[in-house]
Amino acid sequence: MKLYNVAVVGATGLVGRKMLQVLEERKFPVGRLVLLASSSSAGKHIAFNGNRVAVHELTHASFTGTEIALFSAGATVSKEFAPSAVAAGALVIDNSSAFRMDESVPLVVPEVNPYALMFQKGIVANPNCSTIQMVVALKPLHDKWKIKRIVVATYQS
């Protein structure tokens, strides 16, 4: 089985930790794991697959040898560091709003439009949490009856 070198940007945050939990639960074939965060989090350790993994400060040189970079540290961080990850050869999966409206970056929900990954140029975006839940539920309805329009309002704190 192929193992992937994975970096998690924003590893000490709530979403970053959830990403790590899902990688563990799904038994994703992680070879080398690099945990990245701000300088204030550097030196901390996070448990992953029974090991303690050190957190490193995020820099533009952090992505050497990385194949997949999961970003969850906000749009400003993604805009600054995602190009460095791509330049190092990584596929960036960005959980922020940084690339959601960028027409050159596919907006992907795997259960809905996995084929959009074919058009990626190093960065893949995902919609916000409310949208993901909605489109996953609407996809089978659309496939059967062709939804033409949806009006949505969300109220979030």
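Here the structure is a predicted model, which means the values were calculated and not measured.

Visitor: Explain the sheet that holds strand S4 (residues 51–57) to me, and be specific about the residues and the numbers.
Guide: Taken in spatial order, the 7 strands line up as S3-S4-S2-S1-S5-S6-S7 in an open sheet, and their pairing is mixed. Since the sheet does not close on itself, it has two edges, and those belong to strand S3 (45–48) and strand S7 (123–125), each with one partner. Between one strand and the next, the sheet's axes are offset by a mean angle of 25 degrees, whatever the strand orientation. Pairing analysis gives 4 bridges linking strand S5 (residues 68–71) to strand S6 (residues 91–94), with the strands arranged parallel. Its bridge partner being in S6, Ala69 is matched across the sheet by Val92. Contacting strand S1 (4–9), strand S2 (30–37), S3 and S5, helix H1 (residues 14–25) crosses the sheet at an angle of about 25 degrees to S3. Against the sheet, helix H2 (residues 75–87) makes contact with S1, S5, S6 and S7, and its axis sits at roughly 175 degrees relative to S5, the strand it touches most.

Visitor: Tell me about the pattern of salt bridges, residues and numbers included.
Guide: Proximity of charged atoms lets side chains of opposite charge pair with each other. Under the criterion given, the structure shown has 2 salt bridges. Glu67 is the salt-bridge partner of Lys2, the closest N and O atoms lying 2.8 Å from each other. Note that Lys2 is positioned in the segment before S1 and Glu67 in the loop between S4 and S5, a separation of 65 residues in sequence. Relative accessible area serves as the criterion here: at 45%, Lys2 is assigned to the partly exposed category. The partner of Asp143 in a salt bridge is Lys139, and the shortest N-O contact between them spans 2.8 Å. Highlighted residues: Asp143 and Lys139, both in helix H3 (residues 129–145), separated by 4 residues, approximately one helical turn. By relative accessible area, Lys139 is classed as partly exposed at 24%.

How each quantity is defined
Residues numbered from 1 in each chain as written. Predicted model: local features only at pLDDT ≥ 70, side-chain atom pairs only at ≥ 80, totals over all residues. Heavy atoms only, no water. Pairing = 2+ DSSP bridges. Helix = DSSP H or I, 4+ residues; strand = E, 2+ residues; numbered from the N terminus. Axes fitted to C-alpha atoms, helices over the stretch in contact; angles between N-to-C directions. Contact = heavy atoms within 4.5 Å. Salt bridge = Lys/Arg side-chain N within 4 Å of Asp/Glu carboxyl O. Buried < 20%, exposed > 50% of the residue type's maximum accessible area, 1.4 Å probe, protein only.

The analysis is restricted to geometry; functional conclusions fall outside its scope.
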